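# Fold and contact review
Take a look at the letters that make up each chain.
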Amino acid sequence: MAAPNAGGRDMTLKWWQTAVIYQIYPRSFADGNGDGIGDFPGMTARLDHLRDLGVDAIWLSPHFPSPFKDCGYDITDYSNVAPEYGSIDDFVAFLDAAHARGIRVILDLVLNHVSDQHPWFQASVKRVKGYEDAFVWRKTRPEGWGQAWSDTPAPEKVWHWNAERGAYYYGAFDASQPDLDLRNPAVAGELDAVAAFWLKKGVDGFRLDAVRYAIETGPLSGQADTPETIAFWTAFAKKVRAIDPDALLIGEAWAPLETVGRYRNGGQGLDAAFDFDFGETVIALLNPQSERRADFGTLGTPASRRREALWANLQARAAAAPLSYFAPFLSNHDQNRLLQRLGGDVAKAKVAASLLLTSPGTPFLYYGEEIGLSQPKVGEDRYRRAPMQWDDGKTAGFNATGKVWTDRSGAGGYRGPQGAWWGRYWKTQRGTGANVAAEDAKPDSLLRHYRALLAARNASPALRRPDALRWYPVDATDVWLLQATSGAGETWVLINLDPAKPVEFGVPPELQGERRDRLRDATKRLGERFTLQPGETLVF
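Here's a quick rundown of the structure.

Reading the values: the criteria
- Residues numbered from 1 in each chain as written.
- Predicted model: local features only at pLDDT ≥ 70, side-chain atom pairs only at ≥ 80, totals over all residues.
- Heavy atoms only, no water.
- Helix = DSSP H or I, 4+ residues; strand = E, 2+ residues; numbered from the N terminus.
- Rg over C-alpha atoms; globule rule 2.2 N^0.38 Å.
- Buried < 20%, exposed > 50% of the residue type's maximum accessible area, 1.4 Å probe, protein only.
- Contact = heavy atoms within 4.5 Å.
- Pairing = 2+ DSSP bridges.
- 1 Å grid on protein atoms, 1.4 Å probe; cavity = no way out; pocket = protein on both sides within 12 Å on 5 of 7 lines; lining within 4 Å.
- Points joined across faces, edges and corners; volume = space filled by probe spheres on them.
- Nonpolar A, V, L, I, M, F, W, Y, C, P; charged D, E, K, R; others polar.
- Salt bridge = Lys/Arg side-chain N within 4 Å of Asp/Glu carboxyl O.
- Core = buried A, V, L, I, M, F, W, Y, C linked by side-chain atoms within 4.5 Å.
- Axes fitted to C-alpha atoms, helices over the stretch in contact; angles between N-to-C directions.
- Parallel < 35°, antiparallel > 145°, perpendicular 65-115°, else oblique.

What follows deals with the overall build of the chain. The helix and strand tally for the chain stands at 16 helices and 19 strands. Its C-alpha atoms give the chain a radius of gyration of 23 Å, within 12% of the compact-globule value 24 Å for 540 residues. The dimensions of the chain, computed from C-alpha atoms along their principal axes, are 75 × 50 × 45 Å. A total of 540 residues make up the chain; the buried ones form 61% of that total. For the chain, the proportion of contacts with a sequence separation of at least 24, taken over those separated by at least 6, is 68%.

Structure (structure tokens):
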């Protein structure tokens, strides 16, 4: 089958175009001072794990001061560090330690909205000069509006009454998160200054939250993906590049790929954007019973539960933008954990990892994905953001004190009737080998599989940045066979999509012969027919 256009090769590659990026949720990664909350000293102490894993960069979920009503995405101060995570000096030490290991760091920047406790909003409520129009105010509640990812009018969900000012303000996500008026040049200038502040600290770029909802022009269809929104991000990108041409700007646009591609804006807009369809495609193949949902976005066309869906995803990416623009991933902080969605099947998780790390673009990993970190149940976003499991100790190596933020009440811990849940959940996980120390010692573990895949990807220019891709629809439908080529040569990927049984298939003539598997450093001889073992991946 003809390959989708891989987008050609730029004269100069940007660092992210050959990178794999690892998402850290700071509160849950590692706790250095034992107070039960992850922090920068804890994260710094665990950087060697990421170096050994083979990733190139970290995406750090919001680290700013916040009342934590939305897990840190409700910011009260853009130029500081949440005190529970440490100080600015702790942040700089973390950044320097990451850079010393060859690992870049991008920050999660939420510019669409702030916390209702942010001084800017408090000043706007009081009509302080210079802030009165920093947010979107209306004297009466506009009709016909609704949640921006819905087609159902529900103005009460997005227009919120403020008694002190005697007006309604727009908050796309929640009353506690008022939207900034990004049409206001003064507001845009303040946000440019925020980016400049962190770039001058040495960060390597930003993951931009909720880019679809920057500027609204009217109800429903005018609440997302407006031309004004794309123009705003293009102008922001220009300001960032003037400070650091090598800074990555990657957008979260939870939408069909053709919509996501618009944010590139002919190369003048965002550098990259997430491919939300990829993970859904992989999970549908491996566990058709898994529920599809988009909490804050719009899902693309439901994925076929056949291997053709993988090729269709690549074609859809190439039709929307160069393949290097898209960042595929399997899960993130807004989605249920991959292993939970795969029914706890580690063999399926290995197949998913193989598909991700042999896909073009800039793959992202969610912390713990490499060890099969799961969750006790669904329905609460904190379940998706549980402490990292480092060893088999009382608190999984998260700290040495036994305190864990998830098991305390209030905004900074659990909420609702679930109670102190993580300790009970860890008792079911403890002793199962689902931690870094145990998997490091086990040759066939999920962690070892991730390391081997990352090493193979890092050694293959064709995988990291293909000039062309070709899919071979061989006679066994459970076989995914892809050829990636670049000026430096070719790489072949063979994956048995069925982790339960071996599969024999007809080998294309151009693949036949003696080949060296890069995952196991073993020689394979492929004749006219070849058998892949259950869930096996080969990279030649």
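Taken in spatial order, the three strands of this open sheet run 4-6-5, and their pairing is antiparallel. Of all the strands in the sheet, just strand 4 (137-138) and strand 5 (159-162) have a single pairing partner and so form its edges. Of the strand pairs in this sheet, strand 5 and strand 6 (residues 167-170) are connected by four bridges, and their pairing is antiparallel. Bridging from a neighbouring strand, N162 pairs with A167 of strand 6.

A few words now on empty space enclosed by the protein. Evaluated as defined, the whole model comprises seven cavities of 30 Å³ or more. By volume, the second largest cavity is sized at about 90 Å³. Here the lining of the second largest cavity takes four residues from helix 10 (residues 308-320), the largest share from any one element. Of the residues contributing to the lining of the second largest cavity, the split by class is seven nonpolar, three polar and one charged.

Quick look at the pattern of salt bridges now. The tally for this structure, following the rule as stated, stands at 30 salt bridges. Residue D381 is joined to R382 by a salt bridge in which the shortest nitrogen-to-oxygen separation is 3.5 Å. On the basis of relative accessibility, which here comes to 14%, the residue D381 falls in the buried class. By relative accessible area, which is 1% here, R382 ends up buried. Here the residues in one salt-bridge network are D48, R51, D52 and R101, joined through shared partners.

Let us now look at the nonpolar core. Within the largest apolar cluster, 152 residues are counted, with the highest numbers of intra-cluster contacts made by Y22, Y78, W198, F206, W233, L365 and W480. Apart from the residues lying within four places of it in its own chain, the contact partners of Y78 are F64, L109, V110, L111, H113, V114, H118, W120, L180, L191, V194 and W198. Of all hydrophobic cores here, the second largest spans 16 residues; its members include A476, L481, V503 and V507.

Before going further, it helps to spend a moment on the packing of helix 9 (residues 276-286) against helix 10. At a minimum axis separation of 10 Å, helix 9 and helix 10 run at an interaxial angle of 170 degrees. What the angle tells us is that helix 9 and helix 10 run roughly antiparallel. Of the residues in helix 10, those in contact with D277, F278, T281, V282 and L285 of helix 9 are A309, L310, N313 and R317. Partitioning the contact of helix 9 with helix 10 into residue classes produces five nonpolar, two polar and two charged.

Honestly, that's just the spatial picture; any functional story needs more than this.
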